[in-house]
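As a plain string of letters, each chain reads:
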Amino acid sequence: MKIKKYLAYDMKEACQLIRQDLGPDAVIINTKQVRQKGILGFIKARMVEVTAAVDEVSVEAPSTKEVKETLSDDDKVSREMQEMKELLQQIIFKEQKATDGTIPVKVSDYEEFDAAEEFRRILEDLDLLPEVEKKIQDAFLKNELDQCKSRNDIKDKLAEKLADFFIPVTQANQKSNVLAFIGPTGVGKTTTIAKLAANFALYHGLNIALITIDTYRIGAVAQLKTYGDIIGVTVEAVMTPLELKETVKNHKHCDLILVDTAGRSSKNFEQITELKTFLDAIRPLEVYLVLDVNTKNKDLISIVDKYSVLKYSKLVFTKADETYSLGSILNVVDATELPVAYVTNGQNVPDDIIPGEPAGLAKLIIEEVE
Ligand SMILES: Nc1nc2c(ncn2[C@@H]2O[C@H](COP(=O)(O)OP(=O)(O)O)[C@@H](O)[C@H]2O)c(=O)[nH]1
Ligand SMILES: [Mg+2]
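Residues numbered from 1 in each chain as written. Chains lettered and ligands numbered in written order. Predicted model: local features only at pLDDT ≥ 70, side-chain atom pairs only at ≥ 80, totals over all residues. Heavy atoms only, no water.

A. The site of ligand 1, seen in detail. Around ligand 1, the surrounding shell holds 15 residues, and the nearest of these are Lys 189, Thr 190, Thr 191, Asp 321 and Thr 344. Asp 321 is positioned such that a nitrogen or oxygen atom in its side chain is 2.8 Å from a nitrogen atom of ligand 1. Side-chain polar atom of Gln 347 to an oxygen atom of ligand 1: 2.9 Å apart, as the coordinates give it. Contact with the protein chains removes 82% of the 580 Å² of surface that ligand 1 exposes when unbound. The element that contributes the greatest number of residues to the shell around ligand 1 is helix H9 (residues 189–203), accounting for four residues. (Near = heavy atom within 4 Å. Polar contact = N/O pair within 3.5 Å; in protein donor to acceptor, adjacent residues only side chain to side chain. Areas by Shrake-Rupley, 256 points an atom, 1.4 Å probe, with all protein chains shown as cover. Helix = DSSP H or I, 4+ residues; strand = E, 2+ residues; numbered from the N terminus.)

This is the structure in structure tokens:
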């Protein structure tokens, strides 16, 4: 028996390689997705590693016809050949069952495009919560999937479906000009505020003020002040809810006041309650919950739950540039039923931010799926 591993971009290419190398009698005994380091080790291409096996007699031996002709009068040899083949199939079958429980398949079996299987793989890559995965599966009608003839067809269809999954961003009633940003530590609240302030001030000519209540962390005020100086907007730091209220009042002539807050642990109820006293003092127009897309699903669900007392109205997702799987956005949208206002995709101020428009979000998520 000859066993060999093949690396290819997809099953089709792998099957071609195997067929050329081992012939049509080869059987596939294992397939697995692997990541291959790309240019300078940065870009990782997703590839498929296929292990195939063949009876060595069938690789090197003459064609079946020739064997039959030369051995036609020797029933014994031909029977032995047949028995060896059957034995080989059994060994492969047992080995495969023992390793991962799947059943080996003939190379030719892979040549039909299996839309359902491909769809399952795409959903798996998105790392969705089971209830979200089910909703997306249910959005597909049976024949819609059957009509897909390639992975790209499925991705296009999925992007269409996901666009309906998102809630469009609507402008809140302009009772206040204050936007507050809350969320766990280090998710990118201050950077996102700097990006928005720069966009509003420089590209839309709005009069912006920045206020930070993050006076706990050394350097937090300086960080915002540095951005404020570059953009040319005022930055104020306040210590108490009353001071915050006064400072907001002093800047009521501004088009927008952006309030930066300290990162709070969703596990610390006191910290969340303290932040609530600040927000209650100013009743912002919008409270944006800022979340890092790379956070574990379980933690994200806990965060959106624990922060709900702060009555956030929109979501911001950061660090989309650091992952291939943006399914966490879908999980949180499903759990909160809130619109995504922005997604950030890099550290550059002010460029690395995109508005959360449903079709654009769906495209972004699907484009990341390789
Ligand atoms: N890769 C990446 N890094 C980001 C993004 N947004 C913020 N960061 C980085 O995340 C770190 C923490 O950001 P910061 O704004 O201070 O977080 P905060 O504690 O929530 O205010 C900084 O190094 C930022 O440059 C993003 O979209 N992508
Ligand atoms: Mg900060």
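B. Broad picture of the environment of Asn 294. Residue placement: Asn 294 occurs in the loop between strand E9 (286–292) and helix H13 (297–306). Judged by relative accessible area, which is 32%, Asn 294 ranks as partly exposed. (Buried < 20%, exposed > 50% of the residue type's maximum accessible area, 1.4 Å probe, protein only.)

C. Local environment of empty space enclosed by the protein. Under the counting rule described, the total for this entry stands at one cavity of 30 Å³ or more. Approximately 40 Å³ is the volume attributed to the largest cavity. Taken together, Ile 213, Tyr 216, Ala 262, Arg 264, Glu 274, Leu 275 and Phe 278 make up the lining of the largest cavity. Each residue belonging to the lining of the largest cavity can be placed in one class, and the counts come to five nonpolar, no polar and two charged. (1 Å grid on protein atoms, 1.4 Å probe; cavity = no way out; pocket = protein on both sides within 12 Å on 5 of 7 lines; lining within 4 Å. Points joined across faces, edges and corners; volume = space filled by probe spheres on them. Nonpolar A, V, L, I, M, F, W, Y, C, P; charged D, E, K, R; others polar.)

D. Focus on helix H11 (residues 241–250). Taken residue by residue, H11 has Leu 244, Thr 247 and Val 248 as its buried positions. End-on, the buried residues of H11 take up no more than an arc of 100°, which puts them together on one face. Counted as exposed and oriented over 90 degrees from the buried face of H11: Leu 242 and Asn 250. Buried positions along H11 lie against strand E5 (178–182), strand E6 (208–212), strand E7 (234–237), strand E8 (256–260) and helix H12 (269–282). (Arc of directions from axis to C-beta. Contact = heavy atoms within 4.5 Å.)

E. Quick look at the sheet that holds strand E11 (residues 340–344). One open sheet accounts for eight strands, arranged E7-E6-E8-E5-E9-E10-E11-E12; its pairing is mixed. On the outer flanks of this sheet lie E7 and strand E12 (353–355), each paired with one strand and no other. When the angles between neighbouring strand axes are averaged without regard to direction, this sheet yields 20°. Inspection of the sheet shows strand E10 (residues 314–318) paired to E11 by three bridges, in the parallel sense. Among the inter-strand pairings, Leu 315 is bridged to a residue of E11, identified as Val 340. (Pairing = 2+ DSSP bridges. Axes fitted to C-alpha atoms, helices over the stretch in contact; angles between N-to-C directions.)

F. A look at the packing of H9 against helix H10 (residues 220–231). Contact pair H9 / H10: the axes reach a minimum separation of 10 Å and the direction vectors enclose 15°. Relative to H10, the element H9 is oriented roughly parallel. For the pair H9 and H10, the sense of crossing is right-handed. Side by side, H9 and H10 meet where Thr 190, Thr 191, Ile 193, Ala 194, Ala 197, Ala 198, Ala 201 and Leu 202 of the first sit next to Gln 223, Leu 224, Tyr 227 and Ile 231 of the second. Residues belonging to the contact of H9 with H10 are distributed by class as follows: nine nonpolar, three polar and no charged. (Parallel < 35°, antiparallel > 145°, perpendicular 65-115°, else oblique. Left-handed = near helix turned anticlockwise from the far one by under 90°.)

G. The arrangement of the packing of H13 against helix H14 (residues 327–336) in detail. Their axes nearest at 10 Å, the elements H13 and H14 cross at an angle of 30°. Overall, the two elements H13 and H14 adopt an arrangement that is roughly parallel. Every pair of crossing elements has a handedness; the one defined by H13 and H14 is right-handed. Of the residues in H14, those in contact with Asn 297, Leu 300, Ile 301 and Val 304 of H13 are Ser 328, Asn 331, Val 332, Ala 335 and Thr 336. Taken together, the residues of the contact of H13 with H14 sort by class into five nonpolar, four polar and no charged.

Nothing here speaks to function; it is geometry throughout.
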